[in-house]
Amino acid sequence: ACIDHRQIIMAILGFHIVVSLIVLTVLSKIGSRASFLKILVSSLVRYIAPSNDELRALLPPVVETRAKQRRKRKEEEDANGFNVPRQLPFTLKKAYVRVEELEKFPLYSSIHWICLFVPAALFVFVLSDLFLLWNPTSSDMNTSFIWLIVGLAFCLQILARLTALLLSGEDEKSLLFSLSILIFFALFVFTVFVDRIFDISLLDAYTHLRTVAAEMANEEVAIKPESPLLLYISLVVLYTTIGCSLIFPSLRFATMFQGAYANADPFGKVVLPSVVLIPLVTIVSFSHPFRLYMTEGRRVWMTMEQLQVLRINLCLVWCFLRLCFFRQFLQVHLDLAYDKVVALQRQSGKIRNIQLQSMIFQYYSYLCPAIAQFLIPIALVLFLSLLLKGTTGLAFVGESSAIAETTSNIASLSTVFNTTVCRSMFSFSLLSIVMLDFGLSLVGLVYNSYFIRTV
């Protein structure tokens, strides 16, 4: 019988690797030409600053006798700028955002590739999940986990670049330092008491890792230290670093949320608060009282597996809802240029034309970092939710599949990072990111609602 060469390749490499290779090939071919970012920004409208000639036309005429003097004055104004009244009644022109213009701005390449990578990783994960649902006994290496881990690393790299880009002034550095101290102490208290309040089982994962480490070292007793203090400190330092990189995105989100809520229609005013409240519901769903009430109360509402799936679904719904409001939130950022001009025209005095034009243009030039601040927290929660779902064998439909664990080789990854460790590690990571994003966004909302209005 004739065997198709595609079946031979599938048999040698496995389904997951073949799918990954196909997607990587497609990405390498269309990566420089295709752009999902163009779909996201195509309906955004930006404001164009008035040109020098348009500003001069609104100024009172200057009487000069000689053409040479007029020519010299215009050359000096073009080189050094000229003063215009703040109350000058100029209007801002509008234009649609073009991806070709964004290519000149900072962080464009990062958001371009993250907008390509996230759909590709989702596609690989969905195909792998469907394959495991159809063939749960498959022992092929699931490469979709590699895609998700690479996506996490990519997001953290973008957050690091974004934080470095924004640390240009002393005010930003002081804000980052002050909130970093608060984040460190909050995370330390959270990490130490996490097993008492939340359904994370961090100590069970630590005990398993110590046991595996002792067996790998051929020791009969567990490796010291028995205290998880070193683990706590390591986790606190790691997530404090991540939390510091989430400060500016969360504060930016709070500003955009308030503007989007003020401009929303009645339906939007009903749905928009869920973008802020769903993370709070997610945090509550991880708590022990909620778990006991839902799974062990007088009336059992769901099984433990269904509760874990509910937590993941809450995170996925939050990601979807936040992405649905992408245009409204980013348009609020671009509208800040118009709001700034309206506030300027209420003031007295004069302003240099160059300063006025740069003030209007800066919001457009900052669009790529603003997009990164909006999308990266979504991508982080998405990747962590899918990793938690995949590594613990949870299923959105049907029965959950057991993750195969190899006992012949103690050093194998499936033995070291078993279901207990993966569930604890990714649940802790997901809960930490959600709490940091929710807490910092709440700080931004309180600051914008109270302090800015009272100043």
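Up top you'll find the structure we're talking about.
These numbers come from a predicted model, not from an experiment.

Asker: Could you give an account of the overall build of the protein chain, naming the residues involved and the relevant values?
Answerer: A count of helices and strands for the protein chain gives 22 helices and four strands. Across the 455 residues of the protein chain, 45% fall into the buried class. Long-range pairs, those at least 24 residues apart, make up 82% of the contacts in the protein chain between residues at least 6 apart in sequence. Of the roughly 24800 Å² of accessible surface on the protein chain, a fraction of 64% belongs to carbon and sulfur atoms.

Asker: How would you sum up the environment of Ser-449? Please name residues and give values.
Answerer: Counting through the fold element by element, Ser-449 comes out in helix α22 (residues 419-454). Exposure remark for Ser-449: the relative accessible area of 32% places this residue in the partly exposed category. Each C-alpha atom, one on Ser-449 and one on Ala-254, is 9.7 Å from the other, the two residues being 195 residues apart in sequence.

Asker: How would you explain the environment of Gly-151 if you had to name every residue and give the values?
Answerer: Within the element layout of this structure, Gly-151 appears in helix α8 (residues 144-166). Put simply, Gly-151 and Ala-379 are 228 residues apart on the chain and 8.0 Å apart in space, counted from C-alpha to C-alpha. Ignoring any residue separated from it by four or fewer positions in sequence, one finds Gly-151 in contact with Phe-117 and Phe-383.

Asker: Which residues make up a nonpolar patch on the surface, and what values do they have?
Answerer: A contiguous nonpolar patch, built from Phe-177, Ile-181, Phe-184, Phe-185, Phe-188, Leu-229, Ile-233 and Val-237 and spanning about 740 Å² of accessible area, is present on the exposed surface. Breaking the nonpolar patch down by element, the ones donating at least two residues are α9 (170-192) and α12 (229-245). For the nonpolar patch, the element with the highest residue contribution is α9, accounting for five residues. Relative to the elements of secondary structure, Ile-181 occurs in helix α9. Among the residues examined, Ile-181 registers a relative accessible area of 36% and is labelled partly exposed.

Asker: Could you give me a rundown of the packing of aromatic side chains, with the residues and numbers involved?
Answerer: Under the criterion given, the structure shown has 19 aromatic pairs. Residues Phe-326 and Phe-374 carry aromatic rings whose centres are separated by 5.6 Å and whose planes lie at 70° to one another, so their mutual orientation is edge-to-face. On the criterion of sequence distance, the pair formed by Phe-326 in helix α18 (residues 326-344) and Phe-374 in helix α20 (residues 367-391) is long-range, its members being 48 residues apart. With respect to burial, Phe-326 and Phe-374 carry one shared label: buried. Here the aromatic residues Phe-253, Phe-257, Tyr-261, Phe-325, Phe-326, Phe-329 and Phe-374 are joined through ring pairs into a cluster of three or more. Above the face of the Tyr-261 ring, Lys-269 is positioned so that its terminal group lies 4.5 Å from the ring centre. Above the plane of the ring of Phe-286 lies Arg-311, whose end atom (NZ or CZ) is 4.7 Å from the centre.

Calculation notes
- Every chain begins its residue count from 1, and numbering advances along the sequence as written.
- For this predicted model, a pLDDT threshold of at least 70 governs which residues receive local features, and a threshold of 80 or more governs which side-chain atom pairs are given and counted, while totals over whole chains, interfaces and linings are taken from all residues.
- Derived side-chain values reflect all non-hydrogen atoms in the structure, with water molecules and hydrogen atoms excluded from consideration.
- Runs of E in the DSSP output that reach at least two residues are strands. Runs of H or I that reach at least four are helices, and both are numbered from the N terminus.
- Using a 1.4 Å probe on the protein chains alone, a residue whose accessible area is under 20% of its type maximum counts as buried, one over 50% counts as exposed, and one in between counts as partly exposed.
- Here, residues are in contact when the closest pair of their heavy atoms is within 4.5 Å.
- In these tables, accessible area is a Shrake-Rupley quantity obtained with a 1.4 Å probe, and a residue counts as shielded only by the protein chains included in the view.
- To count toward a patch, a residue needs a relative accessible area over 30% and no salt bridge; like charges are then connected within 9 Å, while nonpolar side chains (Val, Leu, Ile, Met, Phe, Trp, Tyr) are connected within 5 Å.
- Salt bridge criterion: a side-chain nitrogen from Lys or Arg within 4 Å of a carboxyl oxygen from Asp or Glu.
- Two rings belonging to Phe, Tyr or Trp (six-membered ring only in the last case) form a pair when the distance between their centres is within 6.5 Å. Interplanar angles under 30 degrees mark stacking, angles over 60 mark edge-to-face geometry, and anything in between is tilted.
- Both a distance and an angle decide whether a charge sits over a ring: NZ of Lys or CZ of Arg must be within 6 Å of the ring centre and within 35 degrees of the ring normal.

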